[in-house]
Amino acid sequence: MSMTVMTKKRNEQGHLMIGEVDAVRLAAQYHTPLYAYDVSHIREKARAFKQAFERTGIAYQVAYASKAFSCTAMVQLAQEEGLSLDVVSGGELYTARQAGFPMEKVHFNGNNKSRQEISEALTAGIGCFVVDNFQELEMLSEESRRLDSAPAILLRVTPGVEASTHDYISTGGEDSKFGFDLHNGQAQKAVEQALAIPSLKLLGLHFHIGSQLFETSALVQALATLYRYLGYWRDTYRFVPEVINVGGGFGISYTRFDQPLRPETFVETIIQAIRAESDRHHIPVPQVWIEPGRAIVGEAGTTLYTIGSQKKIENVRHYVSVDGGMTDNIRPALYGAHYDAELANRTKQQDEKTYAIAGKACESGDMLIYDLSLPAVKSGDLLAVFSTGAYGYSMASNYNRLPRPPVVFVENNEHKLVVERESYADLVRNDRSLYA
Ligand SMILES: *Cc1c(COP(=O)(O)O)cnc(C)c1O
């Protein structure tokens, strides 16, 4: 049994507990598949990052990367915890506005913001744009003049540092679709241009080197690289950054093989490196911003499924199917991501067999877990897949016209539905008849 599974709570009946509530009860009330979040876990993570900064005495912002899991209640929770908010689209911005999130604490990321999205964000009065490329710089210059606003910006740079993570989620190297390259002079050109646009306030620099980071050396290396250029830009343009944003990507535990660093370890190492580099290059210590997504919500989420059919292929594999799959969690199919799970209704029973957990979508690649030890499973058993809080619901689809599952928040013995299950009517809502 894995570490992830061992840290979970169970009640006397041997049922898994989520936020002090019996998972079997949650499944009975809301049906499956179901995303259930332990809200206190989200609060703990948010506070761990913030408190680590508080101890350093440095001005900071912890911006929750809402693409990991965005819905009205989650944005409201981020606000309750005093987080800033990263958005990457007009839709995430709209969600933040509907939730009543303070716009001055919203940061807009992304490599292809449309003119429409830029003008919506300017009109809303967001706190900061993280500018990714020259086209965006130009559009932002035009739109800010047109709307008579003076937005703050960070420039996203690619420091040419490879984080040791999956290719699809590594973004800091030279061959990346994101950001201005430091080494080939693009970043310098962007600084020069941004400083020359009177309607823009260049606050500082941003990088995000990748996701699911398990060590700090790539971050430290990226900072050292960035500061070499900062020293030069201070001499050449008299530009010193007020803000350095080192992005997110702090790793979490999906299975027992993942041994993540604590939030405070990341924060302390980043601050130490920034202090040392600022000192070395005679640059005042800037504000430090970070953008954790999965580290805030990932481990807090559990997906509950009901087990259905089985297919045993002698000496090959024993498939067990659940009532969801790639439509509510595409990460195994997309990145080969690994998850851990247990039978939420029978946690006390000994594991007996190794199963492959399949989804119900019409794709052979729709697998959630290839090798999972469980007690002998029966249809109707409840499977809890752990650490599904990030990039599960937010990447969900209606493939095979499966309605998206609901989301329930659980805290202090109480549970609250925060996203309703989609209905069949929802599925055809935007359809138009050939004959109407
Ligand atoms: C995706 C992303 C994040 C969050 O990544 P996590 O792995 O969820 O922490 C932060 N910043 C930027 C720019 C991103 O693209």
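The name given to the protein in an unreviewed UniProt entry is Diaminopimelate decarboxylase, and the organism recorded there is Natribacillus halophilus. In its Function (unreviewed entry) section, UniProt records this for the protein: "Specifically catalyzes the decarboxylation of meso-diaminopimelate (meso-DAP) to L-lysine." Its UniProt record gives the protein the following Pathway (unreviewed entry) comment, quoted word for word: "Amino-acid biosynthesis; L-lysine biosynthesis via DAP pathway; L-lysine from DL-2,6-diaminopimelate: step 1/1."

**Student:** I keep staring at the site of the ligand and nothing clicks. Help me out?
**Tutor:** Residues in close proximity to the ligand total 14 residues, the closest being Lys 67, Ser 211, Glu 291, Arg 294 and Tyr 391. Gly 249 places a main-chain nitrogen or oxygen 2.8 Å from an oxygen atom of the ligand. At a separation of 2.6 Å, an oxygen atom of the ligand approaches a polar side-chain atom of Tyr 391. Here the ligand, which alone exposes 390 Å², has 94% of that area covered by the protein. Of the pockets mapped on this structure, the ligand occupies the second largest pocket.

**Student:** I'm lost on the UniProt feature "binding site: pyridoxal 5'-phosphate" (unreviewed entry) in the protein in this one. Help?
**Tutor:** In the numbering adopted here, UniProt assigns the feature "binding site: pyridoxal 5'-phosphate" (unreviewed entry) to Gly 249, Glu 291, Pro 292, Gly 293, Arg 294 and Tyr 391. Taken from the residues named earlier, the lining of the second largest pocket is made up of Gly 249, Glu 291, Pro 292, Gly 293, Arg 294 and Tyr 391. Position of Gly 293 among the secondary structure elements: in the loop between β13 (287-290) and α11 (294-297). Discounting residues that sit within four places of it in the chain, Gly 293 has contacts with Tyr 64, Ala 65 and Ala 68. Position of Arg 294 relative to the elements: it lies in helix α11.

Basis of the calculations
- Residues numbered from 1 in each chain as written.
- Predicted model: local features only at pLDDT ≥ 70, side-chain atom pairs only at ≥ 80, totals over all residues.
- Heavy atoms only, no water.
- UniProt positions renumbered as here; feature names shortened; annotations may be inferred.
- Near = heavy atom within 4 Å.
- Polar contact = N/O pair within 3.5 Å; in protein donor to acceptor, adjacent residues only side chain to side chain.
- Areas by Shrake-Rupley, 256 points an atom, 1.4 Å probe, with all protein chains shown as cover.
- 1 Å grid on protein atoms, 1.4 Å probe; cavity = no way out; pocket = protein on both sides within 12 Å on 5 of 7 lines; lining within 4 Å.
- Sits in = over half its atoms within 2 Å of the grid points.
- Helix = DSSP H or I, 4+ residues; strand = E, 2+ residues; numbered from the N terminus.
- Contact = heavy atoms within 4.5 Å.

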